[in-house]
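In case you want the letters, here they are:
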Protein chains: 2
Amino acid sequence: MNLEGLRVMGIDPGLTRCGLSIVEAGRGRAVIPVAVGVVRTPAGADLSERLLRLSRAVAEWMEEYRPDVVAIERVFERGNVSTVMHTAHAVGVLVLAAAERGIPVHMYTPSEVKKAVSGNGRADKRQMTTMITRILGLSEPPKPADAADALALAVCHCWRAPLLARTRSTLSQGGIR
Amino acid sequence: MNLEGLRVMGIDPGLTRCGLSIVEAGRGRAVIPVAVGVVRTPAGADLSERLLRLSRAVAEWMEEYRPDVVAIERVFERGNVSTVMHTAHAVGVLVLAAAERGIPVHMYTPSEVKKAVSGNGRADKRQMTTMITRILGLSEPPKPADAADALALAVCHCWRAPLLARTRSTLSQGGIR
């Protein structure tokens, strides 16, 4: 499966900070960075207001960059209860924005992203930032961390999508029983 | 504060089943039922597809019944992990639908709803259904449970809103220091 030219949007979901990235799959394992940024919503505002702002910001990105697919981090019940719930509400809004535009969504766990990008499912932030900077040929490390994570998600999808497609194809041919 | 005529939408959030209700505040503590129903999305469908269906269904209700305010259950990290996350994603989409229409959203915990409706924060399902049936003067108990819960949320808001308004008013007059 040739992914060349596939435009992937990576999303590191969050309500206080949400990392967004756009990359394009190149030849072989090449990945070309197109855009990266962070959407912030004020912690003091109502949940409604924050979700509305996030929804509008991600819609603008989708309209401007027209991604073919969205890769978003799968949220787990870990850490601060209120943060996890806020992030899960944000995921609902972000996935909806893609669904409304007919853009397929893939979810990856943090360890899947780490494994795909660095070869190590437990890589730390510094290692991940180094790898992302190198893979995308950036002149300096992307900041803040949410931006780097959004790029890592998009790269993860570029590298895993051909494998997923082959698996599906094998399955549909009855190759795996 | 006179709430008479206030139209409240109660939402018991969920992805597999989402309870929706519309009530109108009457004189004193009277509450008039307007509509009740359950939106279902197929468990086998993609998260994107399910959130899109839920979003469209709740949008239709909001367009048809034009609620002045939405009362929705606050989700906690309890029970089955995947269900909680799905419900939290659904809450994001439901709150966004209200925000996009400028409808204010209030969240209530299950025990706040039980306390308001039955006087007992630990009332069981049967007690709650009996109370809701009586309060709304229904000829038979609302079914399924998600529908009854959505009505209970709306009744809870009708009865708590005047109190919340008085508290805010007292605070803004500097009555509470």
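Residues numbered from 1 in each chain as written. Chains lettered and ligands numbered in written order. Predicted model: local features only at pLDDT ≥ 70, side-chain atom pairs only at ≥ 80, totals over all residues. Heavy atoms only, no water.

Side note on the packing of helix α1 (residues 47-65) of chain A against helix α2 (residues 81-100) of chain B
Here's step 1: Interhelical geometry of α1(A) versus α2(B) gives an angle of 90° and a closest axis separation of 8 Å. In terms of their interaxial angle, α1(A) and α2(B) are classed as roughly perpendicular. In this structure, α1(A) contributes A:L47, A:S48, A:L51, A:L52 and A:S55 to the contact, and α2(B) contributes B:G92, B:V95, B:L96, B:A99 and B:E100.
Here's step 2: When grouped by side-chain class, the residues that make up the contact of α1(A) with α2(B) number six nonpolar, three polar and one charged. (Axes fitted to C-alpha atoms, helices over the stretch in contact; angles between N-to-C directions. Helix = DSSP H or I, 4+ residues; strand = E, 2+ residues; numbered from the N terminus. Parallel < 35°, antiparallel > 145°, perpendicular 65-115°, else oblique. Contact = heavy atoms within 4.5 Å. Nonpolar A, V, L, I, M, F, W, Y, C, P; charged D, E, K, R; others polar.)

Some points on helix α3 (residues 110-118) of chain B
Residue and element names in this part refer to chain B.
Here's step 1: All of the buried residues along α3 are V113, A116 and V117. Here the buried residues of α3 occupy an arc of 90° about the axis, which is enough to place them on one side.
Here's step 2: At the exit of α3 stands G119, carrying a positive phi of roughly 85°. (Buried < 20%, exposed > 50% of the residue type's maximum accessible area, 1.4 Å probe, protein only. Arc of directions from axis to C-beta.)

Side note on the UniProt feature "active site" (unreviewed entry) in chain A
All names here are of chain A.
Here's step 1: Per the UniProt record, "active site" (unreviewed entry) is annotated on D12, E73 and D146. For the annotated residues, spread through 135 residues, the largest C-alpha to C-alpha distance comes to 11.2 Å, consistent with a single compact locus.
Here's step 2: Position of D12 relative to the elements: it lies in strand β1 (residues 7-12).
Here's step 3: Setting aside chain neighbours within four positions, we find D12 in contact with R17, C18, G19, E73, D146, D149, A150 and L153.
Here's step 4: You can see D146 is positioned in helix α5 (residues 145-172).
Here's step 5: The residues contacting D146, other than those within four sequence positions of it, are D12, R17, G19 and V38.
Here's step 6: A polar side-chain atom of D146 sits 2.9 Å from a polar atom in the side chain of R17. (UniProt positions renumbered as here; feature names shortened; annotations may be inferred. Polar contact = N/O pair within 3.5 Å; in protein donor to acceptor, adjacent residues only side chain to side chain.)

A look at the packing of aromatic side chains
Here's step 1: Scanning the entire structure with this criterion turns up two aromatic pairs over all chains.
Here's step 2: Judged by centre distance (5.3 Å) and plane angle (50°), the ring pair of B:W61 and B:Y65 falls under tilted. Of this pair, B:W61 and B:Y65 both sit in helix α1 (residues 47-65), four residues apart, roughly one helical turn.
Here's step 3: By relative accessible area, B:W61 is classed as buried at 17%.
Here's step 4: When the ring centre of A:W159 is taken as reference, the NZ or CZ atom of A:R29 above it lies at 3.7 Å. (Phe/Tyr/Trp six-rings, centres within 6.5 Å; stacked < 30°, edge-to-face > 60°. Lys NZ or Arg CZ within 6 Å of the ring centre and 35° of its normal.)

Describing the relation of the copies chain B and chain A
Here's step 1: Screw-axis analysis of chain B against chain A gives a translation of 0.0 Å along the axis, an RMSD of 0.0 Å, and a rotation angle of 180°. Accordingly, the operation relating the two chain copies is best matched by a two-fold axis.
Here's step 2: A share of 100% of interface residues in chain B that are also interface residues in chain A marks the association as one of identical surfaces. (Least-squares fit on C-alpha atoms with pLDDT ≥ 70 in both.)

Details of the pattern of salt bridges
Residue and element names in this part refer to chain A.
Here's step 1: Counted by the stated rule, this structure contains 16 salt bridges over all chains.
Here's step 2: Put simply, E4 and R27 hold a salt bridge, and the shortest N to O gap is 3.6 Å. Of this pair, E4 sits in the segment before β1 while R27 sits in the loop between β2 (17-25) and β3 (31-40), and the two are 23 residues apart along the sequence. (Salt bridge = Lys/Arg side-chain N within 4 Å of Asp/Glu carboxyl O.)

A word on unusual backbone geometry
Residues and elements named next belong to chain A.
Here's step 1: Omega for the bond connecting K143 with P144 falls within 30 degrees of zero, at -10°, which places this linkage in the cis form.
Here's step 2: Residue position: P144 is located in the loop between α4 (125-135) and α5.
Here's step 3: Of note in this structure, R66 is not a glycine but carries a positive phi near 45°.
Here's step 4: Mapped onto the secondary structure, R66 falls in the loop between α1 and β4 (69-73).
Here's step 5: A relative accessible area of 56% places R66 in the exposed class.

Focus on the pairing of strand β2 (residues 17-25) of chain B
Residue and element names in this part refer to chain B.
Here's step 1: Among the nine residues of β2, seven are classified as buried, and the element is accordingly described as predominantly covered.
Here's step 2: Pairing geometry for strand β1 (residues 7-12) and β2, over six bridges, is antiparallel. Bridging from a neighbouring strand, M9 pairs with I22 of β2.
Here's step 3: Hairpin geometry of β1 and β2 is characterised by an intervening segment of four residues between the two adjacent antiparallel strands.
Here's step 4: In the sheet, β2 pairs with strand β3 (residues 31-40) via nine bridges, with the strands oriented antiparallel. Its bridge partner lying in β3, G19 is registered against V38. (Pairing = 2+ DSSP bridges.)

Describing the interface of chain B and chain A
Here's step 1: With 23 residues of chain B at the contact, the number on the chain A side is 23 residues.
Here's step 2: The contact between chain B and chain A buries some 1900 Å² in all, and 73% of this surface belongs to carbon and sulfur atoms.
Here's step 3: Between the two partners, chain B and chain A, sit zero salt bridges.
Here's step 4: Where chain B packs against chain A, one counts two residue pairs in polar contact (both at pLDDT 80 or more).
Here's step 5: For the side of chain B that touches chain A, the secondary structure elements donating two or more residues are α1, α2 and β5 (105-108) of chain B.
Here's step 6: Top element by residues in the side of chain B that touches chain A is α2(B). It accounts for twelve residues. (Buried area = accessible area lost by both parts, 1.4 Å probe.)

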